[in-house]
Amino acid sequence: MLSRFFLFVIVLFSMISCTVGPKPIDYGADGCHFCSMTIVDRQHAAEIVTKKGKAFKFDAVECMMNHLKDLDITTIELFLVNDYQNPGELINAQEATFLISESIPSPMGEYLSAFSSREAAEQIETENKGQLYSWEELKARFKIE
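As the structure is a computational prediction, the values presented were derived from the model and not from experiment.

(A) A look at the sheet that holds strand β5 (residues 97-100). What the three strands build is an open sheet, ordered β6-β5-β7; its pairing is antiparallel. For this open sheet the edge positions go to β6 (112-115) and β7 (131-133), each flanked by a neighbour on one side alone. Each adjacent strand pair in this sheet contributes to an overall mean axis angle of 25 degrees, direction not counted. Where β5 meets β6, four bridges bridge the pair, whose relative direction is antiparallel. Across the sheet, L99 pairs through a bridge with S113, a residue of β6.

Written out as structure tokens, the structure reads:
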């Protein structure tokens, strides 16, 4: 009976550890998978999660985009970026609108920020000038297939 219980616990932990979903970013402690800098900026961080549930965290959207050049992106389940207007909140990068504006610095100098809606990005773009991008346009800019 006791061996069945331990087997059940092992199977349960195996199933829980393989869940595919966002992993919290520990700001000030986690390092960027691409450049190794400590992730501190809650407005520009990003994360990808593979179909097997492994999370890779980045200090800036541009680090995530540069890392994607070396991956088969069909292995990625989630592309996540911080919402510039809601620091620390990860949103779906494929649904986000991106702004490159020299008025809004990002950790790696690309001036790249993400917004949860096109309207929010347009408002900030009006105030700061710059160029708006969809996910597909951003992938093309970074030459990601």
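Let's pick the thread back up.
(B) Expanded view of the sheet that holds strand β1 (residues 46-50). Ordered in space as β2-β1-β3-β4, the four strands form an open sheet in which the pairing is antiparallel. The strands lining the two open edges of the sheet, one partner per strand, are β2 (55-58) and β4 (86-92). On average, each strand axis in the sheet is tilted by 20 degrees relative to the strand beside it, whichever way the strands run. When β1 meets strand β3 (residues 76-83), the two strands line up antiparallel, connected through five bridges. Among the inter-strand pairings, E47 is bridged to a residue of β3, identified as L80. Against the sheet, helix α2 (residues 61-68) touches β1, β2 and β3, its axis set at about 35 degrees to β1.

(C) Layout of the environment of N82. Structurally, N82 is set in strand β3. You can call N82 buried: its relative accessible area is 0%. On a C-alpha basis, the gap between N82 and Q43 in space is 5.5 Å, while along the polypeptide they are 39 residues apart. Once residues within four sequence positions are removed from consideration, N82 is found in contact with Y27, D41, R42, Q43, H44, A45, A46, G88, E89, L90 and A114.

(D) Looking closely at the packing of aromatic side chains. One pass over the structure, following the stated rule, counts three aromatic pairs. Arranged with centres 5.4 Å apart and planes meeting at 50 degrees, the rings of Y84 and F115 form a pair that is tilted. One end of the pair, Y84, is in the loop between β3 and β4; the other, F115, is in strand β6, and 31 residues separate them in sequence. Taken as a pair, Y84 and F115 share a single burial class, namely buried. Here F98 and W135 contribute two aromatic rings whose centre-to-centre distance is 6.2 Å and whose plane-to-plane angle is 40 degrees, an arrangement assigned as tilted.

(E) Quick look at unusual backbone geometry. A positive phi angle, near 70 degrees, is found at S36, a position not held by glycine. With respect to the helices and strands, S36 occurs in the loop between α1 (2-17) and β1. With a relative accessible area of 60%, S36 lands in the exposed category. The phi dihedral of K129 falls on the positive side, at around 60 degrees, and the residue is not glycine. You can see K129 is positioned in the loop between α3 (118-128) and β7.

Definitions and limits used
- Residues numbered from 1 in each chain as written.
- Predicted model: local features only at pLDDT ≥ 70, side-chain atom pairs only at ≥ 80, totals over all residues.
- Heavy atoms only, no water.
- Pairing = 2+ DSSP bridges.
- Helix = DSSP H or I, 4+ residues; strand = E, 2+ residues; numbered from the N terminus.
- Axes fitted to C-alpha atoms, helices over the stretch in contact; angles between N-to-C directions.
- Contact = heavy atoms within 4.5 Å.
- Buried < 20%, exposed > 50% of the residue type's maximum accessible area, 1.4 Å probe, protein only.
- Phe/Tyr/Trp six-rings, centres within 6.5 Å; stacked < 30°, edge-to-face > 60°.

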